[in-house]
Amino acid sequence: MASLQSLRLLLDHTQKQADDAALNLGKLNQKQQEAEKTLQMLLEYRENYQARFMATAGNGINLADWRNYMAFIGKLDNAISEQEKNIEHARQRTETGKHEFQIHRKKLKSYDTLLERARNSQEAREQKREQRQLDELVTNKFSRNVKQR
């Protein structure tokens, strides 16, 4: 069985990896939320722009303004589409980060269990050794008392 010191080092290393994975996951979650906020902002802007244009167009609009409007709405739609792709990539990265964190956490739990078992085993060996010493002491004392009689 591995020594307690080796297991402690392994546990410490794995704890650092788990901590790093947790920090990374936090950053990935934050980036995903920011991407979702940006998409929401684009959608709201498109809706507001369209509503203003419709209100203006109700009074009549020339062909140049109509083309400008259509071109700008097209650009907004493209930006929205790109942002949706960004969100999907961010979600994938977040899921990957979550999976990595879970792997490190599982490893950490396994090593912690191994360390606990090693400690228990060492304690049991120590107790047996102490019991043997006590038994020898009692046996030696009993033997001396029997010989002296």
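The following refers to the structure shown. Please read all numbers here as calculations on a predicted model, not as lab measurements.

### Overview of the environment of Leu-28
Consideration 1: Counting through the fold element by element, Leu-28 comes out in helix H1 (residues 4-57).
Consideration 2: Taking the relative accessible area as the measure of exposure, Leu-28 reaches 13% and is therefore buried.
Consideration 3: A sequence separation of 62 residues divides Leu-28 from Ala-90, and the C-alpha atoms of the two residues are 7.2 Å apart.
Consideration 4: In contact with Leu-28, not counting residues within four places along its chain, are Arg-93, Thr-94 and Gly-97.

### Structural notes on the nonpolar core
Consideration 1: In terms of nonpolar packing, the biggest core is built from nine residues, these being Ala-35, Leu-39, Leu-42, Phe-53, Tyr-69, Ile-73, Leu-76, Ile-80 and Ile-87.
Consideration 2: Of all the secondary structure elements, the ones that give two or more residues to this core are H1 and helix H2 (63-148).
Consideration 3: Here the element with the most residues in this core is H2; it accounts for five residues.
Consideration 4: Residues contacting Tyr-69, with those up to four places away along its chain left out, are Tyr-49, Gln-50 and Phe-53.
Consideration 5: Of all hydrophobic cores here, the second largest spans seven residues; its members include Leu-7, Leu-11, Ala-18 and Leu-108.

### Regarding the pattern of salt bridges
Consideration 1: For the structure on display, the rule yields seven salt bridges.
Consideration 2: Among the salt bridges present, the one from Asp-20 reaches Lys-16, with a minimum N-O distance of 2.9 Å. Linking Asp-20 with Lys-16, this pair stays in helix H1, spanning four residues, or about one helical turn.
Consideration 3: With a closest N to O distance of 3.7 Å, Glu-116 and Arg-119 form a salt bridge. Residue Glu-116 and its partner Arg-119 are both found in helix H2; the two are separated by three residues, about one turn of the helix.
Consideration 4: Accessibility expressed as a relative area gives 31% for Arg-119, which makes it partly exposed.

Conventions and cut-offs
- Residues numbered from 1 in each chain as written.
- Predicted model: local features only at pLDDT ≥ 70, side-chain atom pairs only at ≥ 80, totals over all residues.
- Heavy atoms only, no water.
- Helix = DSSP H or I, 4+ residues; strand = E, 2+ residues; numbered from the N terminus.
- Buried < 20%, exposed > 50% of the residue type's maximum accessible area, 1.4 Å probe, protein only.
- Contact = heavy atoms within 4.5 Å.
- Core = buried A, V, L, I, M, F, W, Y, C linked by side-chain atoms within 4.5 Å.
- Salt bridge = Lys/Arg side-chain N within 4 Å of Asp/Glu carboxyl O.

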